Structures are given as structure tokens and as C-alpha cells.
Amino acid sequence: QVQLVESGGGLVQPGGSLRLSCAASVFTFSSYAMSWYRQAPGKDRELVATIPNLGGSTNYADSVKGRFTISRDNAKKTAYLQMNSLKPEDTAVYFCNARNWPYVYWGQGTQVTVSS
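Let me begin by describing the structure that accompanies this report. (Residues numbered from 1 in each chain as written. Predicted model: local features only at pLDDT ≥ 70, side-chain atom pairs only at ≥ 80, totals over all residues. Heavy atoms only, no water.)

Quick notes on the state of the cysteines
Per the stated rule, a full pass over the model turns up one disulfide. With its sulfur 1.9 Å from that of its partner, Cys 22 forms a disulfide with Cys 96. As the torsion about the S-S bond is roughly -80 degrees, the Cys 22-Cys 96 disulfide counts as left-handed. With Cys 22 in strand 3 (residues 18-25) and Cys 96 in strand 9 (residues 92-100), the pair connects residues that are 74 residues apart, well separated along the chain. Cys 96 sits in the buried class, given a relative accessible area of 0%. (Disulfide = S-S within 2.5 Å. Helix = DSSP H or I, 4+ residues; strand = E, 2+ residues; numbered from the N terminus. Buried < 20%, exposed > 50% of the residue type's maximum accessible area, 1.4 Å probe, protein only.)

With respect to the pairing of strand 3
Relative to strand 3, strand 1 (residues 3-7) runs antiparallel, the two being bridged by five bridges. Looking at the pairing, Glu 6 lines up with Cys 22 of strand 3. In terms of strand pairing, strand 3 meets strand 8 (residues 78-83) through six bridges, oriented antiparallel. By the bridge assignment, Cys 22 is partnered in strand 8 with Ala 79. (Pairing = 2+ DSSP bridges.)

Re the sheet that holds strand 8
In space, the four strands of this open sheet follow the order 1-3-8-7, with antiparallel pairing throughout. Two strands close off the open sheet at either side, each with one partner strand: strand 1 and strand 7 (68-73). Sheet twist, expressed as the average angle between the axes of neighbouring strands with direction ignored, equals 15 degrees. (Axes fitted to C-alpha atoms, helices over the stretch in contact; angles between N-to-C directions.)

What to know about the side chain of Ser 21
Secondary-structure assignment places Ser 21 in strand 3. For Ser 21, a relative accessible area of 18% corresponds to the buried category. Those residues in contact with Ser 21 that sit more than four places away from it in its chain are Val 5, Glu 6, Ser 7, Trp 36, Thr 78, Ala 79 and Tyr 80. (Contact = heavy atoms within 4.5 Å.)

Comments concerning the nonpolar core
What tends to happen in soluble globular proteins is that the nonpolar side chains get buried as a cluster. Core analysis: the biggest nonpolar cluster contains 31 residues, and Leu 4, Met 34, Trp 36, Leu 81, Met 83 and Tyr 94 have the highest contact counts within it. Elements with a minimum of two residues in this core: strand 3, strand 4 (33-39), strand 5 (46-51), strand 7, strand 8, strand 9 and strand 11 (110-114). Excluding residues within four positions of it along the chain, Leu 81 makes contact with Leu 18, Arg 19, Leu 20, Trp 36, Val 48, Ala 49, Phe 68, Thr 69, Ile 70 and Tyr 94. (Core = buried A, V, L, I, M, F, W, Y, C linked by side-chain atoms within 4.5 Å.)

This is the structure in C-alpha cells:
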């Protein structure tokens, strides 16, 4: 069983930055592609960013391109989401996702609120 624990959320003013972390309790972390999703109130969960199991090519939602950066440290079994130039529309619960077909795991989520 894989456990994912997100941290780093909070309240930030528009234009500010936050760094989310996702710590995984799994021996073979480097076998899992990692993603960040978010869900705003009343909206569907949406994919924000993805990074392959060994790093390299990343993908982003159009709404966050140029502002967010996903990364991972396989030695620390942790994935990150650096969020810069935050906007009120980035307000959501952010979820970490680990995927190694056919297995998919989710974290409990961390709240990010962008407001003045």
C-alpha cells in the first residue's frame, strides 16, 4: 500500500508563491509517474502537472504553464509543485497522484487559497 502525504498549502496573496510537497511511503518510488491535480469548489478535479517516473519531460495544464513547475527527488521519495505568480483562480485543494499501471494512489489533499 502506498501512502502519499501532501504539505505546503496555505493562504497566499495574488502574485505570491507556494511550494507543495508530496512525500511517498513506497519502496519503489522511482517506478511511479507523479502528478498534481486540483479541485476547486463546485468543479471537477483537473490535472495540473505530470512528471515521468525518472524525471525528464513534464506536462502542464495550459492554465499554469510558465507559472508552475513540477519536479521530483527519487532519493527522497518526494514530488514537488512550485507555484509562482499565483492567481485567485488557482484556489483549490491540490492532490498528489502516483501512477504505475494498474496501480493509482492519491494523497489526502492540501488547501491552497489565493486571496488578498
